[in-house]
Amino acid sequence: MAKRFSADTYVNGILNGDRVLLSRAITLVESKLPQDHELAQEVIAKVLPHSGNAVRIGITGVPGVGKSTFIEAFGTYLIEHENKKLAVLAIDPTSQRTGGSILGDKTRMELLSVNPQAFIRPSPAGKSLGGVTKSTRETIILCEAAGFDAIIVETVGVGQSETAVHAMVDFFLLLMLAGAGDELQGIKRGIMEMADAIAITKADGSNSDKAKLARAEYQNALHLYPMSASGWLPKVSTCSALQQSGLDTIWQTITEYLKLTQANGYFEKKRRDQNLQWMYEAIRQGLEDNFYAHQQVKEQLPTITEQVKLGQKSAFAAAHELLKLV
């Protein structure tokens, strides 16, 4: 662990836009050490009143859709044309075998990574479902307190629990490819229902006509879904990071969504509901951490685990036995 500072040092650095202290504070919230956890929570508590003023955008998509390429182009557009200060929280997949992750987003977003108005923070997904780290929520708060007014959360891709992303952003953008088979079969209905907008990427060259066709198919499909609680009908558009086209339309869609949901009260309600969800998630995580840190559990877990593997004890009986120890 790098050198620790006082909570006030982190806080003052973050509020003054110090990128080094912001990065170190994020490392602090990602740490699994108990002493770091306490310090991190103190920092979060002190910067919390300075957060909440950014638009939080979740971006996901099927493998090969070009998420990093799109985010670089879209992020550059937000900075240059909308005068935004952008933070990109890029979650890299973690190997379940070795526990390692690539953390290569800064090399995939070369132009954005050197832009003074952008901050890219790659983090390993770890064991978290949905392609987000358990500290992503805290990182959002830290970045907002540091003055970033647009936050993009990039996930590892359409997978097990995209609701994790949906539960921490204001707007959920789904990136799709055209001409990759039956478009409507290639995506889970649940993720389609969560999307506030769909963007068909790589809509250039010979793929342009396919992208337009896919756009029409998705828009027709979305009309079949019930109206969401936000009162918003998701929109589908095409874009090309290569040609820098369609990016303005996507931002216009986001601003229209924000205007509607802020006017009808849904925006604030969703933020409040998310705060509660974060609390319950923190409780669940805390209970799990305390369970595995319990001395008797640590002593008996290896033996009971082996008994379950050998079929000598049922998984349910083993779990019940271990839970009684705490």
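Starting from 1, residues in each chain are numbered consecutively following that chain's sequence as written. Local features in this predicted model are restricted to residues whose pLDDT is 70 or higher, and side-chain atom pairs enter the listing and the counts only when it is 80 or higher, whereas totals over whole chains, interfaces and linings include all residues. To obtain the side-chain values, all non-hydrogen atoms of the structure were included, while hydrogens and water were left out.

1. Focus: the confidence of the model for the protein chain
The predicted coordinates ought not to be read in detail in places where the model reports low pLDDT. To keep things clear, this is the line we draw: Per-residue confidence from the prediction method is given by pLDDT, with values spanning 0 to 100. Runs of E in the DSSP output that reach at least two residues are strands. Runs of H or I that reach at least four are helices, and both are numbered from the N terminus. Contacts are assigned to residue pairs with any non-hydrogen atoms lying within 4.5 Å of each other.
Across the protein chain, pLDDT averages 86, with 85% of residues at or above 70. Mean pLDDT in the protein chain bottoms out at helix α5 (residues 105-108), which sits at 53, and peaks at helix α11 (residues 247-264), which reaches 98. Counting contacts from residues 181-186, a segment whose pLDDT is below 50, to residues more than four positions away or on other chains yields 10 contacts.

2. Some remarks on the pairing of strand β5 (residues 171-176)
How we decide: Each residue's exposure class comes from its accessible area (1.4 Å probe, protein chains only) as a fraction of the maximum for that residue type: buried when under 20%, exposed when over 50%, partly exposed otherwise. Each pair of strands is called paired provided DSSP finds at least two bridges between the two strands.
Burial of β5 is extensive: 6 of the 6 residues sit out of reach of the surface. Both strand β1 (residues 55-61) and β5 contribute to a ladder of 5 bridges, which runs parallel. Pairing of G61 across the sheet is with L175, part of β5. One ladder, built from 4 bridges, connects β5 with strand β6 (residues 197-200); its direction is parallel. Counted as the bridge partner of L173 is A197 from β6.

3. Remarks on the packing of aromatic side chains
Convention followed: When two rings of Phe, Tyr or Trp (its six-membered ring) have centres within 6.5 Å they constitute a pair, described as stacked for plane angles under 30 degrees, edge-to-face for angles over 60, and tilted for the intermediate range.
The final tally for this structure, using the stated rule, is 6 aromatic pairs. Aromatic side chains F70 and F74 sit 5.4 Å apart centroid to centroid with 15° between the ring planes, which places their arrangement in the stacked category. Here F70 and its partner F74 are both found in helix α4 (residues 67-82), 4 residues apart, which amounts to about one turn of the helix. As far as burial versus exposure is concerned, F70 and F74 are alike and both buried. These aromatic residues form a ring-pair network of at least three members: F171, W232 and Y257.

4. Looking at a nonpolar patch on the surface
Let me state the cut-off plainly: Nonpolar side chains (Val, Leu, Ile, Met, Phe, Trp, Tyr) are joined into patches within 5 Å and like charges within 9 Å, using only residues with over 30% relative accessible area and no salt bridge. Where accessible areas are quoted, they stem from the Shrake-Rupley method and a 1.4 Å probe; at the residue level, only the protein chains shown are allowed to cover. The working definition used for a salt bridge is a side-chain nitrogen of Lys or Arg within 4 Å of a carboxyl oxygen of Asp or Glu.
A surface patch of nonpolar side chains, about 520 Å² in accessible area, is lined by L276, M279, Y280, I283 and L287. Inspection of the secondary structure puts L287 in helix α12 (residues 266-293).

5. Describing unusual backbone geometry
Negative phi is the rule for most residues except glycine; trans is the rule for most peptide bonds. The backbone phi angle of N83 is positive, close to 55°, even though this residue is not glycine. Here N83 is to be found in the loop between α4 and β2 (86-92). Residue classification places N83 among the exposed positions, given a relative accessible area of 63%. The phi dihedral of K202 falls on the positive side, at around 55°, and the residue is not glycine. Mapped onto the elements, K202 comes out in the loop between β6 and α10 (208-223). Using a relative accessible area of 38% as the deciding quantity, one classes K202 as partly exposed.

6. Some points on the pattern of salt bridges
Inspection of the entire model under this criterion finds 12 salt bridges. Across the salt bridge formed by R4 and D36, the nearest N and O atoms sit 2.3 Å from each other. With R4 in the segment before α1 (7-15) and D36 in helix α3 (residues 34-47), the pair connects residues that are 32 residues apart, well separated along the chain. Shared partners join several salt bridges into a network, and the residues in it are D8, E42 and K46.

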